[in-house]
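One-letter residues, chain by chain:
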Amino acid sequence: MKKFFGVLLSVVMILLLLGGCGGKTNSTEASGETSATKEQADTGAAARKANNEIVVGIAQDLSSSLDPYELSTAGTRELMFNVYEALYKVAPSGDYEPALATAYTVSDDGLTYRFTLREGVKFHNDAVLTAADVVYSFNTCREKSVDKNVKAALQNVAEVKADDNTVTMTLTAPNSDFLVYVGSVYIVPDSYSDQATKPVGTGPFVFTERKVQDSIVFTRFENYWGEKAKIQKVTFRIFDTETALVTALDSDTVDLFAHLTSTQVNGLSKNYEVLEGTMNLVQALYINNAVKPFDDVRVRQALNYAIDVDAMLQMTADGHGTKLGSSIYPAFTKYFDESLVNAYPHDAAKAKELLTQAGYPNGFDMTITVPSNYTNHVDTAVVLAEQLKEAGINATVQEVEWDAWVTDIYQGRNFQTTVVGFDASTLTAEALLARFVSDSSKNMCNYQNTEFDALMAEAGSITDDARRTECYRAAEKLLSDDAANVYLQDMADFVALRSTLSGFRFYPLYVLDLSGLTY
Amino acid sequence: MKKLFEKHNNWFFRAGFVITAFMLLMILIGQFWTPYEPSAMDASAKGLAPSLSHLFGTDKFGRDIFSRVMEGAGSTLLIAFFVVLIGASAGVLIGAVTGYCGGIVDEILMRICDGITAFPSVMLALIIIAVLGPGKWNVIWVLAILFIPSFARVVRTEFSRIKKQNYISLAKLQGVGPLRIIIRHMLPNAFPVLLPAISIGFNNAVLAEASMSFLGVGVSVNEVSLGRMLNDSQNYILRGLPWYALFVGLTIALLILGFSLLGEGLQKNNEG
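Residues numbered from 1 in each chain as written. Chains lettered and ligands numbered in written order. Predicted model: local features only at pLDDT ≥ 70, side-chain atom pairs only at ≥ 80, totals over all residues. Heavy atoms only, no water.

### Some words on the overall build of chain B
A count of helices and strands for chain B gives 10 helices and 0 strands. When the helices and strands of chain B are listed from N to C terminus, the series reads α-α-α-α-α-α-α-α-α-α. Summarising its shape, the C-alpha atoms of chain B cover approximately 75 × 50 × 30 Å along the three principal directions. In chain B, 68% of the contacts between residues at least 6 apart in sequence involve partners at least 24 apart. Accessible surface, chain B as shown: approximately 12900 Å² in total, 70% of it carbon and sulfur. (Helix = DSSP H or I, 4+ residues; strand = E, 2+ residues; numbered from the N terminus. Contact = heavy atoms within 4.5 Å. Areas by Shrake-Rupley, 256 points an atom, 1.4 Å probe, with all protein chains shown as cover.)

### Considering the overall build of chain A
In terms of helices and strands, chain A carries 17 helices and 19 strands. For a compact globule of 519 residues, the expected C-alpha radius of gyration is about 24 Å, and chain A comes in at 24 Å, within 12% of that figure. Looking at chain A as a whole, 58% of its 519 residues qualify as buried. On chain A, roughly 20200 Å² of surface is accessible, and the fraction owed to carbon and sulfur atoms is 52%. Each charge class in chain A was averaged separately, 42 positive and 68 negative side chains, and the resulting centres sit 4 Å apart. (Rg over C-alpha atoms; globule rule 2.2 N^0.38 Å. Buried < 20%, exposed > 50% of the residue type's maximum accessible area, 1.4 Å probe, protein only. Lys, Arg positive; Asp, Glu negative; His and termini not counted. Charge placed at Lys NZ, Arg CZ, Asp CG, Glu CD.)

### Side note on the pattern of salt bridges
By the definition in use, this model includes 29 salt bridges over all chains. When the shortest N-O distance is used, the salt bridge between Asp379 of chain A and Lys60 of chain B registers 2.9 Å. Note that Asp379 of chain A is positioned in helix α13 (residues 375-389) and Lys60 of chain B in the loop between α2 (11-32) and α3 (65-101), a pairing that runs across two chains. Considered together, Asp379 of chain A and Lys60 of chain B belong to a single accessibility category, that of buried residues. For Glu158 of chain B, the salt bridge identified is with Arg161 of chain B, shortest N-O distance 2.6 Å. (Salt bridge = Lys/Arg side-chain N within 4 Å of Asp/Glu carboxyl O.)

### Re the confidence of the model for chain A
Summary statistics for chain A give a mean pLDDT of 84 and a share of 92% for residues scoring 70 or more. When the criterion is pLDDT under 50, residues 1-41 of chain A qualifies, and its contacts beyond four places in sequence or with other chains add up to 28 contacts. (pLDDT = per-residue confidence, 0-100.)

### Looking at the sheet that holds strand β8 (residues 205-211) of chain A
Strands pair in a sheet through their backbones, by hydrogen bonds, and they do so in one of two ways: parallel or antiparallel. Residues and elements named next belong to chain A. Read from one edge to the other, the open sheet built from 7 strands follows the order β8-β9-β10-β1-β11-β19-β12, with strand pairing classed as mixed. Because the sheet does not close on itself, it has two edges, and the strands there are β8 and β12 (272-278). Here the strands of the sheet are splayed against their neighbours by 20° on average, with no regard to which way each runs. Sheet topology note: the strand β1 (residues 53-58)/strand β10 (residues 233-238) ladder contains 6 bridges and is parallel. The residue bridging Gly57 from the neighbouring strand is Arg237, located in β10. Across the sheet, helix α8 (residues 242-250) is in contact with β11 (256-260), β12 and β19 (492-498); its angle to β11 comes to roughly 140°. (Pairing = 2+ DSSP bridges. Axes fitted to C-alpha atoms, helices over the stretch in contact; angles between N-to-C directions.)

### Some thoughts on the confidence of the model for chain B
The predicted coordinates ought not to be read in detail in places where the model reports low pLDDT. All names here are of chain B. Per-residue confidence for chain B averages 84 on the pLDDT scale, and 96% of its residues sit at or above 70. Confidence scores differ between elements of chain B, with helix α1 (residues 2-6) showing the lowest mean pLDDT of 56 and α3 the highest of 90. Here the predicted complex scores 0.77 on pTM and 0.77 on ipTM.

### A word on the packing of α2 of chain B against α3 of chain B
Between two packed helices, the angle of one axis relative to the other and the distance separating the axes together describe the packing. Residue and element names in this part refer to chain B. The geometry of α2 relative to α3 is characterised by a closest axis approach of 8 Å and an angle of 105° between their N-to-C directions. By the criterion of interaxial angle, the relationship of α2 to α3 is roughly perpendicular. Mapping the contact onto sequence places Leu24, Met26, Ile27, Ile29, Gly30 and Gln31 in α2 and Phe66, Met70, Glu71, Ala73, Gly74 and Leu77 in α3. Its residues assigned to classes, the contact of α2 with α3 comprises 8 nonpolar, 3 polar and 1 charged. (Parallel < 35°, antiparallel > 145°, perpendicular 65-115°, else oblique. Nonpolar A, V, L, I, M, F, W, Y, C, P; charged D, E, K, R; others polar.)

### A short note on the nonpolar core
Leu87, Phe138, Phe218, Tyr286 and Phe452 of chain A are the most contacted members of the largest nonpolar core, which totals 113 residues. Those residues in contact with Phe138 of chain A that lie beyond four places of it in its chain are Leu87, Leu154, Val160, Met169, Val182, Val185 and Ile187 of chain A. Counting 61 residues, the second-largest nonpolar core is a separate cluster that includes Ile65, Ala88, Leu194 and Leu241 of chain B. (Core = buried A, V, L, I, M, F, W, Y, C linked by side-chain atoms within 4.5 Å.)

### Structural notes on the interface of chain B and chain A
Note: interface size is frequently given as the accessible area lost on complex formation between the parts. Taken together, the contact pairs 24 residues of chain B with 30 residues of chain A. Summed over both sides, the interface of chain B with chain A buries roughly 2400 Å², with 61% coming from carbon and sulfur. One salt bridge in this structure joins Glu399 of chain A and Arg228 of chain B, with 3.4 Å as the shortest N-O distance. For the interface between chain B and chain A, the tally reads 7 residue pairs in polar contact (both at pLDDT 80 or more). A total of 3 residues in the side of chain B that touches chain A trace back to one element, the largest contributor, which is helix α5 (residues 121-132) of chain B. (Buried area = accessible area lost by both parts, 1.4 Å probe. Polar contact = N/O pair within 3.5 Å; in protein donor to acceptor, adjacent residues only side chain to side chain.)

### Things to note about the sheet that holds strand β5 (residues 112-117) of chain A
Residue and element names in this part refer to chain A. If you trace the 4 strands from one edge of the open sheet to the other, you get β4-β5-β7-β6, paired in antiparallel fashion. Of all the strands in the sheet, just β4 (101-106) and β6 (157-163) have a single pairing partner and so form its edges. Averaged over neighbouring strand pairs, the angle between their axes works out to 15° when direction is ignored. Of the strand pairs in this sheet, β6 and strand β7 (residues 166-171) are connected by 6 bridges, and their pairing is antiparallel. Opposite Asp163, over in β7, you have Thr166 as the bridge partner. In this fold helix α5 (residues 131-144) packs onto β5, β6 and β7, with an angle of close to 160° to the strand it touches most, β6.

### Some words on the pairing of β7 of chain A
Residue and element names in this part refer to chain A. Among the 6 residues that make up β7, 5 are buried, leaving the element largely enclosed by the rest of the structure. Of the pairings in the sheet, the one linking β5 to β7 comprises 5 bridges and is antiparallel in character. From the neighbouring strand, Thr116 faces β7, where its bridge partner is Thr166.

### Description of a nonpolar patch on the surface
Residues and elements named next belong to chain B. On the surface, Leu93, Val97, Ile104, Val105, Ile108 and Ile112 cluster together into a nonpolar patch covering about 530 Å² of accessible area. Sorting the residues of the nonpolar patch by element identifies α3 and α4 (103-118) as the ones contributing at least two each. Top contributing element to the nonpolar patch by residue count: α4, with 4 residues. Residue placement: Val97 occurs in helix α3. Among the residues examined, Val97 registers a relative accessible area of 32% and is labelled partly exposed. (Patch = residues over 30% accessible without salt bridge, like charges linked within 9 Å, V, L, I, M, F, W, Y side chains within 5 Å.)

### Notes on the side chain of Ser137 of chain A
Residue and element names in this part refer to chain A. Within the element layout of this structure, Ser137 appears in helix α5. Since its relative accessible area comes to 0%, Ser137 is described here as buried. If we ignore the near neighbours within four places in the chain, the residues touching Ser137 are Tyr69, Val185, Tyr186, Ile187 and Val188.

### Brief notes about the pairing of β8 of chain A
Residue and element names in this part refer to chain A. Judged from the 6 bridges that link them, β8 and strand β9 (residues 215-220) form a sheet pairing that is antiparallel. Following the sheet pairing, Glu209 is matched in β9 by Val217. The turn linking β8 back onto β9 is made up of 3 residues, and Gln213 within it adopts a positive phi angle of 65°.

What follows is the structure, encoded as structure tokens:
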């Protein structure tokens, strides 16, 4: 008996510890800050300005590994964009511009790429960039990248050869998106093995310190090859509850907070300027296509008809945001298909009719699981649940912690529906569409369609750009026809920026570029 | 009932009765009729200040706060009701058995109760909910279990006192079975002590539900309860919606005040 109580007690103690270490820490901290008087906060902001440093708020901690080829979440990629660089780098316009390479040539058959490296580029650990580093990076990335699309594209590279100051890559088949993939292979020093915890790149900021579940510090890289960042030190602090976030903004604790909702920026003090861009992600009610009743296409179509996206946008964002219709957002001008946006106009009667056909004349109960740290997704889910009532569907919104969402839903695929946004890791259609290929490890929604698989396989294997575009567009149409998910919007991205700061740039990718910021 | 009002000019009981009756009436009406559909959203009426058409104003989705308070207080009260019902039933059972039997059974059951009370109840509830997952019924079960010791203790003390009374010994001598002694002879006599305990238990249950929903582990986001509303409102206190938190907080305060006064009045009645 005594032993049993001993075990029970230790279990409880461990749970207590875990509970204590969980997300709640931040909220207590933030509420502590509320008591800080306004005056103190002002001097805090003023002191930061004098020291040329800023505090950036983020909604979640980074992934455990910061290795450039293991960046699994959008929130991590977004920040590490400032630390790592590739031969070519995406610009705010969406074009790829020379970075660690100064120029490249491509042979007439599209198979051989020759990159000329920039001279005198230094890594954060003072090593000088050589062609050998580039070869090492490409080989490592091909071997272990968690980005399946990048990995697949690199499988087509037969050889990467270093030759003094140039790197030659030979492809087995031409790939018109090759430069985009080159742009996502971050260059790291040869044989440096601590990338996961002490990342070293060539970017404008040096990764300096990380306190798990608390903060991350970047400092300016003084030996940067290009125009140096203006800000000396950037501290990222995690605010994973809305209360913590709002308190941080109201108490002037942060200088920059991106990805806010219109409600959060409404009534912000004059100390902040609010910028509006788009998030560059596909927010949807993602549906587990493999579980009942969602394995029936009519049920999924009914959900699409039952939901009124315009009204949802009005409710959650005062009408800001761009409707999508499929798994692609408008920054991809070539692939975005406007005709799909209104494929399922709001029609509750039609939704009911489809449900009746599917054998649910009285609707059913369902659960929408949302990560609690993303207020915009939670708000969206609450509004959707209310809209679904009209079609007789009784939806319960369940909040989970971000870590639980990643393990149970994204990896475990143990869910009915969820509201999140998926970003594009590279500026290719693959990045947004490949996750729906039947056997993809990212196919969280368990979407199965052989026709879709065939289109994606064809698009990946041919070089005729017109035909490729056709394939991708057809694939998007299939996602819409099959009502794989309820595609909602590319959310309006509100950024609160201290009014004394300027130089913030929006990108067509989910990145947070800090190098242009200046007081 | 009449006696309670007249006896000793019991103001606690009177005030508690009036407040509780008023709150219960509002909640009861809320189950059948509210000025607006509590969950109905209206994009054109977001964050309105209190007015004649929206007595308590509206929230960030344009939902009428007054209607939501009426319904939310109902679900809070329902949770409290089940918590007290389950907790008190189990508590009375355990208290009766331990109080009547004494000995080793008493020792074991009461030490377990001590173990439960040793932890702050909301803290323990949070841990259990973290394992079980949130939801109305999970909250009810967890809180009910946590409330058992307080009832068990009260009943046990009373039972061990009554056990030594002559009429119980007489009944035993006459050969009355233990079950009949407990139910017919002892329980009715323990009732005056149990009543205030239930009233105060109710009070605590309302608060516990509110705290748990406030911390985001109670009812789900799209359900209504007072704690959940308080959680929603906290971000807007300084953002132009102060009345949201104010009215929800006031409702909780009134509800608690009513039960506390009732409990106090009942206790005074026993003493007098």
